[in-house]
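Chain by chain, the residues run as shown.
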Amino acid sequence: AAAGKQLKHFHLQTGYKWYSLHLANKDIASPVPYQEDAPRGPTDPPNFYYDQVDTLVAHAKKHGYAWSETRPNTIIGAAKGNYMNQAVSTSLYLALEKAKGKSEVQYPGNNLNWDQIFVSQSTAINNARFQVFLTDPVNAAKCENQSFNIEDGDKRTLGQLWQDLAKELGLKVLPPTAAGKAEAPAYLFWPITAGSVVLVAVLGEESRQRFVVPAVI
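What comes next concerns the included structure. Predicted model only: the values in this text are computed from it and were never measured. (Residues numbered from 1 in each chain as written. Predicted model: local features only at pLDDT ≥ 70, side-chain atom pairs only at ≥ 80, totals over all residues. Heavy atoms only, no water.)

Overview of the overall build of the protein chain
Part 1 of the argument: The number of helices and strands found in the protein chain is seven helices and nine strands.
Part 2 of the argument: Residues counted as buried form 40% of the 217 residues belonging to the protein chain.
Part 3 of the argument: Contacts in the protein chain between residues far apart in sequence, at least 24 positions, make up 76% of those at least 6 positions apart.
Part 4 of the argument: As displayed, the protein chain has an accessible area near 12400 Å², and 56% of this comes from carbon and sulfur atoms. (Helix = DSSP H or I, 4+ residues; strand = E, 2+ residues; numbered from the N terminus. Buried < 20%, exposed > 50% of the residue type's maximum accessible area, 1.4 Å probe, protein only. Contact = heavy atoms within 4.5 Å. Areas by Shrake-Rupley, 256 points an atom, 1.4 Å probe, with all protein chains shown as cover.)

Some points on the side chain of H9
Part 1 of the argument: Mapping H9 onto the fold places it in strand β1 (residues 9-13).
Part 2 of the argument: Within the structure, H9 has its side chain in polar contact with the side chain of S68 (distance 2.8 Å).
Part 3 of the argument: Discounting residues that sit within four places of it in the chain, H9 has contacts with Y65, A66, W67, S68, L134, T135 and E144. (Polar contact = N/O pair within 3.5 Å; in protein donor to acceptor, adjacent residues only side chain to side chain.)

Some words on the packing of helix α2 (residues 86-99) against helix α6 (residues 158-168)
Part 1 of the argument: Two numbers describe how α2 lies on α6: the axes approach to 10 Å, and their chain directions differ by 60°. As judged from the angle between their axes, α2 and α6 are oblique. Crossing of α2 over α6 shows right-handed handedness. Contact residues: α2 offers Q86, A87, T90, S91, Y93 and L94, while α6 offers L158, L161, W162, L165 and A166.
Part 2 of the argument: Considering only residue class, the contact of α2 with α6 consists of eight nonpolar, three polar and no charged. (Axes fitted to C-alpha atoms, helices over the stretch in contact; angles between N-to-C directions. Parallel < 35°, antiparallel > 145°, perpendicular 65-115°, else oblique. Left-handed = near helix turned anticlockwise from the far one by under 90°. Nonpolar A, V, L, I, M, F, W, Y, C, P; charged D, E, K, R; others polar.)

Some details on the pairing of β1
Along any regular strand the residues' side chains alternate between the sheet's two faces.
Part 1 of the argument: Pairing of β1 with strand β2 (residues 66-72), which is carried by five bridges, proceeds in the parallel orientation. Note on β2: the bridge partner recorded for Q13 is T70.
Part 2 of the argument: For the crossover that starts at β1, traverses helix α1 (residues 48-63) and ends in the parallel β2, the hand is right-handed. (Pairing = 2+ DSSP bridges. Right-handed = clockwise from strand over helix to strand, strands pointing away.)

A look at the environment of P108
Part 1 of the argument: Assignment of secondary structure puts P108 in the loop between β4 (104-106) and α3 (111-115).
Part 2 of the argument: Residue class for P108 comes out partly exposed when judged on its relative accessible area of 41%.
Part 3 of the argument: Along the sequence, P108 and L174 sit 66 residues apart, while their C-alpha atoms lie 9.3 Å from each other.

Some points on the pattern of salt bridges
Part 1 of the argument: Tallying each qualifying case throughout the model produces six salt bridges.
Part 2 of the argument: Ionic pairing is found between D54 and R40, a salt bridge with its closest N-O pair at 2.7 Å. Here the residue D54 occupies a position in helix α1, and R40 occupies one in the loop between β1 and α1, the gap between them amounting to 14 residues.
Part 3 of the argument: Here R156 and D164 are joined by a salt bridge, their closest N and O atoms 2.7 Å apart.
Part 4 of the argument: The network of salt bridges with shared partners includes E97, K100 and K102. (Salt bridge = Lys/Arg side-chain N within 4 Å of Asp/Glu carboxyl O.)

Topic: α2
Part 1 of the argument: Taking 1.5 Å per residue, 14 residues should reach 20 Å; α2 reaches 20 Å between its end C-alpha atoms and fits that length.
Part 2 of the argument: Of the residues making up α2, those classed as buried are Q86, A87, S89, T90, L94 and E97.
Part 3 of the argument: Where the residues of α2 are buried, they touch β3 (74-76), β4, β5 (121-123) and α6.
Part 4 of the argument: G101 occupies a position one or two residues after α2 and carries a positive phi of about 95°. (Expected span 1.5 Å × (residues − 1).)

A few points about unusual backbone geometry
Most peptide bonds adopt trans geometry, and most residues besides glycine take a negative phi value.
Part 1 of the argument: The amide bond that connects V32 to the next residue, P33, takes the cis arrangement and shows omega of 0°.
Part 2 of the argument: The step from D44 to P45 runs through a cis peptide bond, and the omega angle for that step is 10°.
Part 3 of the argument: Among the structural elements, P45 can be located in the loop between β1 and α1.
Part 4 of the argument: In the Ramachandran plot, A24 falls in the positive-phi region, its phi being about 55° despite a non-glycine side chain.
Part 5 of the argument: The topology assignment puts A24 in the loop between β1 and α1.
Part 6 of the argument: Even without being a glycine, N145 presents a positive backbone phi close to 60°.
Part 7 of the argument: Tracing the chain through its elements places N145 in the loop between α5 (140-143) and β6 (146-150).

Don't take any of this as a statement about function, it's just geometry.
Right under this line is the structure:
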């Protein structure tokens, strides 16, 4: 409202829940690799991303400004006051363990997410740089009025992430115990984009417990 008639471009960040990933059902989620023009998923329960985009597109058309949307995956990076952040929440856990006098911390996940399954992430700074690029008038012809997936494409596992963060605190992370061993069906290895693979919980509660990813996302 403050921008008024001076508004040229409005950018909206949503996320991979656009593809119904959060419903934990491989028959409902969009096929992978995710495509921005994939059909929308179910709206029961409601997916507020759809409402946000529809509202933005309609308002932009009515008032004559451009729009863009990015759909990052798990965001990791510095975000003051936001604890729904993998780096922050994992670091808090490790810091608490160190405060208890521990020099070693047992990794709570399994062997799959320790060193076998690459985790797809969207680093905060990478998101920001891409979003600035999208809203730059110089790139208007290529970027206006479109939606874009964004992720790093790095080949990192949760085990590597835990070890890197622990090293900053002078801690050692121990690999999964024998009880943490698991084998995943082939369809759990879903390529999100070229060069990255993520473990998606597509089974029932029993299997979600078996193929547990540390609850830090």
